Amino acid sequence: MSVRMPHAPVPAGAARRHLRRRRARPALFAALLALCAAAPATAQERGQGAAPERGVPYVTLRDRTGAAAPADFYGEARSDPKAGWCGIDERRIDMLAPMAEAAPFHVPDEILRVSEVRERPRAAILEELRAGAGDRAPLLYTHGFYIDFDKGCRRATIFQENAGLAGRMLWFSWPSDGALLNYTRDEADLYWSVPDLADTITALAAAFADREVDLAGHSLGARGVVLALYEIAARQPDLRLGELVLLAPDMDFDIFRKMLPRIRPMVRGITVYVADADRPLALSTQLHGYPRLGETGNDVATLGDVDVIDVSALPVRSPSGHLYHIHDRQVGADLRQLLDAGRRAADRDGLVARGRNLWALRPAR
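Computed from a predicted model, the values in this text were never measured in an experiment.

Running from N to C, helix α5 (residues 183-207) and helix α6 (residues 220-235) point in directions that differ by 45°, and their axes come no closer than 8 Å. In this view, α5 runs oblique relative to α6, as classed from their interaxial angle. The element α5 and its partner α6 pack so that their crossing is right-handed. Residues Tyr183, Asp186, Glu187, Leu190, Tyr191, Val194, Pro195, Leu197, Ala198, Asp199, Ile201 and Thr202 of α5 lie in contact with α6, whose contacting residues are Leu220, Gly221, Arg223, Gly224, Val225, Leu227, Ala228, Glu231, Ile232 and Arg235. Of the residues belonging to the contact of α5 with α6, the class tally is 13 nonpolar, 3 polar and 6 charged.

Written as structure tokens, this is what we have:
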């Protein structure tokens, strides 16, 4: 039997302040929309010359739509592999910059849009990536569920910048519908994409035979990367790759543990990022009936030398709690230490040991 304790009386002044705050919310949102509409022009529009090109090279399995708008260049249907460059431009919202710095959640101080899509042969894209990477290892990034080409290009660009991967990242875009209610259809499209993802990994490894290719996957895309490595292990068991980074992975924890002995020898190290406020993964657990790899509370000691980074102590900067790799600068800084400096969790700044292979990322002071 539960007992409900009576609520303490609320002082009249506090009640009035609370009411004023509630009434102020629509006005605040209206003001934000007005600021966005009246945002300052881009550098090109102000006549200050062209800004540095911003965007990501990609490999995609999406169909061409024939639409004129760059954001709609590719659709959701399955197709043969294509490659190219997805260009981004921005409209600054400088008036929101102070709020963006102070708010505990993500407040954009710019509006991004897909401005250009240039298809190129995959070999040309890999050659350009090699030139941009210099002496650094390239990284292949695979997106997750509910991502159309437009959103995927914008988010891949932000992730690339947050993690310090500019010039060395290739984005793999499988044909997610970009529809919130089409999760099972996205799962089917992901599984269909796995052989081509495996081909892309091996082609990238061949193009960079003098260094080890890094891999990163977010959410459902992390599951795709693991499945692709499992397939590569059967094709080319001697292939050696760099770091494998799984960000909020939407994958059955026990299935990953079963696959681990086959994929672990192929990569230099494996890092898994987890959070306890990740709402999409909580829903995925309810749907599938088994815990997700990207959730907290799993017996991660059974994963051997896989480094598990718990980001639960950081401010939740997105409503879903699922996009910390994009919106949290501390996660970006931790990724830079791993991917640029090659520092393992025990040697990275900001991490506190919580177990043999479990680490907590401390909030910045």
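Structure shown, so let's carry the discussion forward.
On to the pairing of strand β1 (residues 54-64). With 9 of 11 residues buried, β1 lies mostly within the body of the structure. As paired elements, β1 and strand β5 (residues 169-173) share 3 bridges and run parallel to each other. Each bridged residue has a counterpart across the sheet, and for valine 59 the counterpart in β5 is phenylalanine 172.

Within the largest apolar cluster, 53 residues are counted, with the highest numbers of intra-cluster contacts made by Leu215, Leu229, Leu241, Leu244, Phe256 and Leu303. Looking at this core, the elements with two or more residues in it are β1, α3 (122-133), β5, α5, α6, β7 (241-247), α7 (253-263) and β8 (267-274). Beyond its immediate stretch of four places on either side in the chain, leucine 241 contacts Ile201, Ala205, Glu212, Val213, Leu215, Leu229, Met266, Val267 and Arg268. The next biggest cluster of nonpolar side chains, apart from the first, holds 40 residues, and it includes Val117, Val311, Val331 and Ala345.

The end-to-end C-alpha distance of helix α4 (residues 149-162), which contains 14 residues, comes to 20 Å, matching closely the 20 Å that a straight helix rising 1.5 Å per residue would cover. Counted residue by residue, α4 has 10 buried out of 14 residues, so it is predominantly covered. Of all the positions in α4, only Phe149, Asp150, Lys151, Gly152, Cys153, Ala156, Thr157, Phe159, Gln160 and Asn162 are classed as buried. Phi turns positive, to about 70°, at glycine 164, one or two residues after α4.

Let us now look at α6. Under the 1.5 Å per step criterion, the end-to-end length of α6 is 23 Å for 16 residues, consistent within 8% with the ideal 22 Å. Extensive coverage of α6 is indicated by the burial of 12 of its 16 residues. Among the residues of α6, those classed as buried are Leu220, Gly221, Ala222, Arg223, Gly224, Val225, Val226, Leu227, Ala228, Leu229, Ile232 and Ala233.

To continue, consider the state of the cysteines. Counted under the stated rule, the structure contains 1 disulfide. Here cysteine 86 pairs with cysteine 153 through a disulfide, and the sulfurs are 1.8 Å apart. Judged by the sign of its S-S torsion, about -115°, the cystine formed by cysteine 86 and cysteine 153 is left-handed. Residue cysteine 86 is found in strand β2 (residues 74-92), and its partner cysteine 153 is found in helix α4; the two are separated by 67 residues along the sequence. This pair shows no difference in class: cysteine 86 is buried, exactly as cysteine 153 is.

Time to look at the pattern of salt bridges. Taken as a whole and judged by the stated rule, the model has 30 salt bridges. A salt bridge links glutamate 119 to arginine 64; the nearest nitrogen and oxygen atoms lie 2.9 Å apart. One end of the pair, glutamate 119, is in strand β3 (residues 110-119); the other, arginine 64, is in strand β1, with 55 residues separating them in the sequence. The exposure class assigned to glutamate 119 is partly exposed, which follows from its relative accessible area of 30%. Across the pair aspartate 210 and arginine 211 runs a salt bridge, and its minimum N-O distance is 3.1 Å. Classification of aspartate 210 by relative accessible area gives exposed; the value is 52%.

The rules behind these values
- Residues numbered from 1 in each chain as written.
- Predicted model: local features only at pLDDT ≥ 70, side-chain atom pairs only at ≥ 80, totals over all residues.
- Heavy atoms only, no water.
- Axes fitted to C-alpha atoms, helices over the stretch in contact; angles between N-to-C directions.
- Helix = DSSP H or I, 4+ residues; strand = E, 2+ residues; numbered from the N terminus.
- Parallel < 35°, antiparallel > 145°, perpendicular 65-115°, else oblique.
- Left-handed = near helix turned anticlockwise from the far one by under 90°.
- Contact = heavy atoms within 4.5 Å.
- Nonpolar A, V, L, I, M, F, W, Y, C, P; charged D, E, K, R; others polar.
- Buried < 20%, exposed > 50% of the residue type's maximum accessible area, 1.4 Å probe, protein only.
- Pairing = 2+ DSSP bridges.
- Core = buried A, V, L, I, M, F, W, Y, C linked by side-chain atoms within 4.5 Å.
- Expected span 1.5 Å × (residues − 1).
- Disulfide = S-S within 2.5 Å.
- Salt bridge = Lys/Arg side-chain N within 4 Å of Asp/Glu carboxyl O.

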